[in-house]
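Structural description and commentary
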Amino acid sequence: MIAVSSSEMREIERRAIEEFGSTSAELMKTAGLGVADCVRRLVLDSQLRDPFVLLIAGRGNNGGDAFVAARQLKKMGTDVEVWIAGSAAEITGDAALYLSKLKTAKVRVTELPTMDDWQLAIRLPNFAEIIVDGVLGTGIRGPARGPAAGAIQYIRSQAPLSLVVSIDVPSGLNADTGEAEGDVVEADLTATIGLPKTGLLAASAADAVGSVEVVDLNLSGELIPRATTADREMLTILELRMRFTPRARNSHKGDYGHVILIGGGGPYTGAIPLAARAATQSGAGLVTAIVPQSHRSIVATTVLEAMVAGAPESADGAFIEDALATIRSFYAPGRIVAVGPGMTRSPAIRVLVEAIIREAPGPLVVDADALTVMAGSPEIFRHARHPVILTPHPGEAAALLGTTAQAVQADRIGAAKELAERSGAIVVLKGAGTLVVQKDKPVQVCASGNPGMARGGMGDVLTGLTSSLLAQKFEPFDAACVAVYYHSVAGDLLAWSRGQLSMTPSKLIEKLSTMFHDTVIR
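Described below are features of the structure shown in this document. (Residues numbered from 1 in each chain as written. Predicted model: local features only at pLDDT ≥ 70, side-chain atom pairs only at ≥ 80, totals over all residues. Heavy atoms only, no water.)

Points about the packing of aromatic side chains
Filter applied, for reference: Whether two aromatic rings pair depends on their centres lying within 6.5 Å, for rings of Phe, Tyr and Trp, where Trp uses its six-membered ring; planes under 30 degrees apart make the pair stacked, over 60 edge-to-face, and the rest tilted. Strands are runs of DSSP state E lasting at least 2 residues, helices are runs of H or I lasting at least 4, and numbering of each runs from the N terminus. Here's how the labels work: a residue is buried when its accessible area is under 20% of the maximum for its type, exposed when over 50%, partly exposed in between, all with a 1.4 Å probe on protein chains only. Either the NZ atom of lysine or the CZ atom of arginine qualifies as a charge over a ring when it sits within 6 Å of the ring centre and within 35 degrees of the ring normal.
Within this structure, the stated rule accounts for ten aromatic pairs. Ring centres 5.8 Å apart and planes at 55 degrees place the aromatic pair Trp118 and Tyr154 in the tilted group. On the criterion of sequence distance, the pair formed by Trp118 in helix H5 (residues 115-122) and Tyr154 in helix H6 (residues 146-158) is long-range, its members being 36 residues apart. A relative accessible area of 2% places Tyr154 in the buried class. Taken together, the ring pairs connect Phe52, Trp83, Trp118, Phe127 and Tyr154 into an aromatic cluster. Over the ring of Tyr256 we find Arg247, and its NZ or CZ is 3.6 Å from the ring centre.

The following block contains the structure:
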């Protein structure tokens, strides 16, 4: 989904009112109802029972959105209260209209017009499971002041024990640059209105925005600009779910492809089972895992749905060059090959990977050790006969480019573009704000996911998921985008329900079924 600057969004809303018959009050109502829906889904995903939701409203339009959301949540039976960062007498226009409706609905409203009021509130015990930040919107320039600054400090003080939902942008964040000149709310979820704002997709904003969802304003397609000041787009369910098509009733497993997963070695016994489970869980018709012979029984007993082949190995359990004959025996036109998870970096691995790149019979996914052994040689991927998807983390991308992980992180988009240019591949640069980059296409940013996913095995799951979508005949770029998004949102669902500290790749695979059930027909 295209990202826009704050001025571009204001122009879109102006045209919606002047050219398409909307009113500003209607747009505010739609926004507020969308925020309420985001909060409701967060309550369900977090398995909260009868939560108390505190909505903190500023004096502008973000405050109006919060008033609409509070009234709707009250109708849903949620225990809500609204605090105003200022006095009610200062609120005008559409926000004042919805504040009056809020009072008619008998929602508790408290005014905190001074910094002293907010400092006193900070000293009180925490009591809200969810806090909705409607303090400041996209118009902020410079640090917050007065009661708005106090409200931001209050939300920051409560964040360790509350889930925080920000309306449009986290208060204190510049919507265009993603920078903050003063205190800023650190949200778990940002419900951005209409279209993503460019600042939300900046690397500097990652800690503030959390995961991002778009609240649909039901705008006419004629209002969406074809070109903006942004150099990136955001992955959203609204567009990605359309990549799936219903399955024919008379179809069979052969219609949904055959994935060949190649990896494992030494102590890395779990990598291929995780990739294979993800591939079978996400719809591939057939999955074959090729692992060193000593790993065969482990994979076969762990993933009952996959076929498993053992290949020649060294004394320390890593592939040797003779493994290539086993790998080639499974090649057939159109089969998807994924190589690298847990493969080790033994002397034979580069020889095997180079041969796989040149000979793979269908689209190829390359991850982990298969990337690292190609350090300094990204051009090798241009020798593939079919499209290639590379899925490096920053360290692996740095090895390919001959630089450092710090340099990659300092300019993630630049590094991903360079790697895509030099390799001729689609590049998935993992990390906070995972990127999907292909030459001559807009950079796609995933604004979902959370720090709980920073653990071994998560990348293996992404490899299996990506391979499965390729097997089901997704276009390679689409397969990468859908896999990244579904993987990240499954991680968020897991974090909401189980917490970040106890997340595991195996549990994330189980959450994939929730994602597919909720968003894919049949």
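From this point, things continue past the structure.
Points about the pairing of strand S12 (residues 336-339)
This is how it is decided: Two strands pair if DSSP finds at least two bridges between them. We call a crossover right-handed when, viewed with the strands running away from us, the connection from the first strand over the helix to the second turns clockwise.
Alternating positions in S12 separate into two faces, Ile336 and Ala338 on one and Val337 and Val339 on the other, with burial throughout. Here strand S9 (residues 258-262) pairs with S12 via four bridges, running parallel. Across the sheet, residue Val259 finds its bridge partner in S12, namely Ile336. At this point the chain moves from S12, through helix H12 (residues 349-359), to the parallel strand S13 (residues 364-366), and the crossover so formed is right-handed.

So, the sheet that holds strand S4 (residues 130-134)
The condition is simple: To get an axis, fit a line to the C-alpha atoms, keeping to the stretch in contact for a helix; angles then go from 0 to 180 degrees between the N-to-C directions. Throughout, a contact is declared for two residues whenever any of their heavy atoms are within 4.5 Å.
The parallel open sheet is built from seven strands, whose spatial order is S3-S2-S1-S4-S5-S6-S7. Across the chains shown, the open sheet's two edge strands, defined by having one partner strand only, are strand S3 (108-111) and strand S7 (211-215). Direction aside, the axes of adjacent strands within the sheet are offset by 20 degrees on average. Of the pairings in the sheet, the one linking strand S1 (residues 52-57) to S4 comprises five bridges and is parallel in character. Within S4, the residue paired with Val53 across the bridge is Ile130. The sheet contacts of helix H2 (residues 24-45) involve S1, S4, strand S5 (163-167), strand S6 (189-193) and S7, and relative to S7 the element is tilted by about 140 degrees.

What about the nonpolar core?
Threshold: For the purposes of this section, nonpolar cores are sets of buried Ala, Val, Leu, Ile, Met, Phe, Trp, Tyr and Cys residues that join through side-chain atoms within 4.5 Å.
If you look at the biggest cluster of nonpolar residues, it comprises 169 residues, and the most contacted ones within it are Phe67, Ile262, Phe381 and Tyr486. A total of 15 residues in this core trace back to one element, the largest contributor, which is helix H18 (residues 476-498). Beyond its immediate stretch of four places on either side in the chain, Ile262 contacts Ile272, Ile290, Phe319, Ile327, Val337, Ala338, Val339, Gly340, Pro341, Met343 and Ile356. Ranked by size, the runner-up nonpolar core spans 21 residues in total, among them Leu112, Val135, Ala148 and Tyr154.

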